[in-house]
Amino acid sequence: LRLYQGRLQKGDLVRNPATGHSGRAARLLRMHAGTSIEVPDAVAGDVVAVVLPRGGGAPGAAAGDTLDDGRSDVTLPGLQVPEAMVSMACSASGR
């Protein structure tokens, strides 16, 4: 997720206002290519992966969902993905 405001720390509450589900951030990972580095916190502008404990009431987030700490009612607009302009199918030719 990308933080737009504030700070997220390990153990903080993460809530998905669209579904009402929430859970505690068990781990925060800064991702780079094929590696991940565990970090104790993230601040506005950071992009991190949030790991929630099993059975911890996972927010069930989809791409473009707003996640918050449960004290805010701000919801950012979701992602708008345009339809593909060109599509192509490939198949192998027989021998």
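Use the structure listed above.
Because the structure is a prediction, the values reported are computed rather than measured. (Residues numbered from 1 in each chain as written. Predicted model: local features only at pLDDT ≥ 70, side-chain atom pairs only at ≥ 80, totals over all residues. Heavy atoms only, no water.)

Trainee: I keep staring at the overall build of the protein and nothing clicks. Help me out?
Mentor: Scanning the protein from terminus to terminus reveals 0 helices and 7 strands. Helices and strands in the protein line up, N terminus first, as β-β-β-β-β-β-β. For a compact globule of 95 residues, the expected C-alpha radius of gyration is about 12 Å, and the protein comes in at 18 Å, more than 25% above that figure. Based on the C-alpha atoms only, the size of the protein along its principal axes is roughly 60 × 30 × 30 Å. (Helix = DSSP H or I, 4+ residues; strand = E, 2+ residues; numbered from the N terminus. Rg over C-alpha atoms; globule rule 2.2 N^0.38 Å.)

Trainee: Honestly, the pattern of salt bridges in this entry has me stumped. Any pointers?
Mentor: Oppositely charged side chains may form a pair once their charged atoms are brought near each other. Within the structure shown, the criterion is met by 5 salt bridges. With its nearest N and O atoms 3.9 Å apart, the salt bridge here joins glutamate 38 to lysine 10. Within this pair, whereas glutamate 38 is found in strand β5 (residues 35-39), its partner lysine 10 is found in the loop between β1 (7-9) and β2 (13-15), the two being separated by 28 residues in sequence. On the basis of relative accessible area, glutamate 38 is assigned to the partly exposed category, the value being 40%. When salt bridges that share partners are traced, they join Lys10, Arg27 and Glu38 into one network. (Salt bridge = Lys/Arg side-chain N within 4 Å of Asp/Glu carboxyl O. Buried < 20%, exposed > 50% of the residue type's maximum accessible area, 1.4 Å probe, protein only.)

Trainee: Is there a simple way to explain the sheet that holds strand β4 (residues 27-32) in this structure?
Mentor: Strands belonging to one sheet form pairs held by backbone hydrogen bonds; the direction of such a pair is parallel or antiparallel. Spatially, β5-β4-β7 is the arrangement adopted by the 3 strands of the open sheet, whose pairing is antiparallel. Edge strands, defined here as strands with exactly one partner in the open sheet, are β5 and β7 (49-51). Across the sheet, the mean angle separating the axes of adjacent strands is 35° when strand polarity is ignored. Where β4 meets β7, 3 bridges bridge the pair, whose relative direction is antiparallel. Looking at β7, one finds that arginine 27 is bridged to valine 51. (Pairing = 2+ DSSP bridges. Axes fitted to C-alpha atoms, helices over the stretch in contact; angles between N-to-C directions.)

Trainee: Teacher, can you tell me more about the pairing of β5 here?
Mentor: In summary, the side chains of a regular strand alternate between the two faces of the sheet. Relative to β5, β4 runs antiparallel, the two sharing 5 bridges. Bridging across to β5, methionine 31 finds its partner in serine 36. From the end of β4 to the start of β5, which pair antiparallel, there are 2 residues, and alanine 33 there has a positive phi angle of about 55°.

Trainee: Explain the environment of serine 72 to me, please; I cannot follow it from the model alone.
Mentor: By secondary structure assignment, the location of serine 72 is in the segment after β7. Linking serine 72 and alanine 84, residues 12 residues apart in sequence, is a C-alpha distance of 35 Å.

Trainee: Sorry if this is basic, but what is going on with a nonpolar patch on the surface here?
Mentor: A grouping of Tyr4, Val74 and Leu76 is seen on the molecular surface, where their side chains present a nonpolar patch of about 330 Å² in accessible area. Among the structural elements, tyrosine 4 can be located in the segment before β1. We classify tyrosine 4 as exposed; its relative accessible area is 61%. (Patch = residues over 30% accessible without salt bridge, like charges linked within 9 Å, V, L, I, M, F, W, Y side chains within 5 Å. Areas by Shrake-Rupley, 256 points an atom, 1.4 Å probe, with all protein chains shown as cover.)

By themselves, these observations are geometric and do not establish any function.
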